[in-house]
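# Architecture and fold: a report
If you want the building blocks of each chain, they are given just below.
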Amino acid sequence: MSFELPQLPYAYDALEPIIDAKTMEIHHTKHHGAYTSKLNEALQGTAFEGKKIEEILAGISSLPAAVRNNGGGYYNHGLFWEIMKPGGASEPEGDLLKAINSSFESFKNFKDAFTQAALTRFGSGWAWLIKQGDSLVVSSTPNQDNPLMDVADVKGTPVLGIDVWEHAYYLKYQNRRPEYVDAFWNVINWDEVAKRFKG
Ligand code: MN3
């Protein structure tokens, strides 16, 4: 049993003009595709072969770097595709909004904290909104690490994440990461984020 590259829940051009079709296609087929196949290779012969990805990530400190990099890449991109959608709602509602307000005082404060995490992550990595019990925190991780890994500084269940590797935005935004992060708010699928928050 091995991991498979999941299909995108929408067409490559569905997130235009926020994320261009060429970026989506390369990101999905080449980058996510490579993480998936390299994860399968790296797991061969280890005790974690055939385990669920969450279990693998929780024990990542005992596994080779290739599993950490490619297992993170496999999981992170699967989440990333799902928490976006064309014409996403601009703000969350219901229990998720209540939790955001109670953890950050306001949606705006949360947005500022998440944006700050995305912009200050040096080099390649991710910014996250993480569930810890009933509350929410923002963090960022380097490379393809994520909050499910036992090596993460801030642990918990990721409910929203943004890929700030240059491959996620360079074709359209070049070095302008702030413009990409700002535009990202227009394609967030808050229903999916709420589903992940509910667990
Ligand atoms: Mn990526």
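For the structure itself, look to the data block above.
So, a few notes on the structure that sits alongside this text. Not measured: the values here are computed from a predicted model.

### A word on the overall build of the chain
Helix and strand content of the chain: eight helices and three strands. Along the chain direction, N to C, the helices and strands of the chain fall in the order α-α-α-α-α-β-β-β-α-α-α. For 199 residues, the compact-globule formula gives about 16 Å, and the C-alpha radius of gyration of the chain, at 16 Å, lands near that figure. Per-residue burial over the chain gives 48% buried out of 199 residues. By sequence separation, contacts in the chain at least 24 residues apart represent 67% of the contacts at least 6 residues apart. Split by element, the accessible area of the chain, about 9,500 Å² in all, is 49% carbon and sulfur. Of the side-chain charges in the chain, 19 are positive and 25 negative, and the distance between the mean point of each set is 1 Å.

### Quick word on the coordination of the manganese ion
Protein coordination of the manganese ion is provided by H27 (NE2), H77 (NE2), D163 (OD) and H167 (NE2), with donor distances spanning 1.9 to 2.1 Å. For the manganese ion, all donor residues lie on one chain, and their spacing in sequence is H-x49-H-x85-D-x3-H. Pair noted here: H27 is in helix 1 (residues 21–43) and D163 is in strand 3 (residues 157–163), with a separation of 136 residues, a long-range link. Residue classification places H27 among the buried residues on the basis of a relative accessible area of 1%. Taking relative accessible area as the criterion, D163 reaches 0% and is therefore assigned buried.

### Structural notes on the packing of helix 1 against helix 3 (residues 65–82)
The interhelical angle for the contact between helix 1 and helix 3, taken along N-to-C directions, is 140°, at an axis separation of 8 Å. In terms of orientation, helix 1 lies oblique with respect to helix 3. Between helix 1 and helix 3 lies a crossing of left-handed hand. The residues of helix 3 that touch helix 1, namely those facing M24, H27, H28, H32, A34, Y35, T36, K38, L39, A42 and L43, are A66, V67, N69, N70, G71, G73, Y74, H77, G78, F80 and W81.

### Things to note about the pattern of salt bridges
Under the defined criterion, the tally for this structure stands at seven salt bridges. Where D145 meets R68, a salt bridge forms, and the shortest distance between an N and an O atom there is 2.7 Å. Residue D145 is found in the loop between strand 2 (135–142) and strand 3, and its partner R68 is found in helix 3; the two are separated by 77 residues along the sequence. Its relative accessible area of 29% is what places R68 among the partly exposed residues. When the shortest N-O distance is used, the salt bridge between R176 and E179 registers 3.0 Å. The class of R176 is partly exposed, set by a relative accessible area of 32%. A network of salt bridges, in which partner residues are shared, links E82, E192, K195 and R196.

### Re helix 4 (residues 94–104)
For helix 4, the full list of buried residues reads L96, A99, I100 and F104. Along the long axis of helix 4, the arc covered by the buried residues comes to 100°, so they all point the same way. Seen from the buried face of helix 4, the exposed residues on the opposite side, beyond 90 degrees, are D95, K98 and S102. Here the buried face of helix 4 lies against helix 5 (107–120), strand 1 (125–132), strand 2 and helix 8 (190–198).

What counts and what doesn't
- Residues numbered from 1 in each chain as written.
- Predicted model: local features only at pLDDT ≥ 70, side-chain atom pairs only at ≥ 80, totals over all residues.
- Heavy atoms only, no water.
- Helix = DSSP H or I, 4+ residues; strand = E, 2+ residues; numbered from the N terminus.
- Rg over C-alpha atoms; globule rule 2.2 N^0.38 Å.
- Buried < 20%, exposed > 50% of the residue type's maximum accessible area, 1.4 Å probe, protein only.
- Contact = heavy atoms within 4.5 Å.
- Areas by Shrake-Rupley, 256 points an atom, 1.4 Å probe, with all protein chains shown as cover.
- Lys, Arg positive; Asp, Glu negative; His and termini not counted.
- Charge placed at Lys NZ, Arg CZ, Asp CG, Glu CD.
- Donors = N, O, S within 2.8 Å, 3.2 Å for Na, K, Ca; no water.
- Axes fitted to C-alpha atoms, helices over the stretch in contact; angles between N-to-C directions.
- Parallel < 35°, antiparallel > 145°, perpendicular 65-115°, else oblique.
- Left-handed = near helix turned anticlockwise from the far one by under 90°.
- Salt bridge = Lys/Arg side-chain N within 4 Å of Asp/Glu carboxyl O.
- Arc of directions from axis to C-beta.

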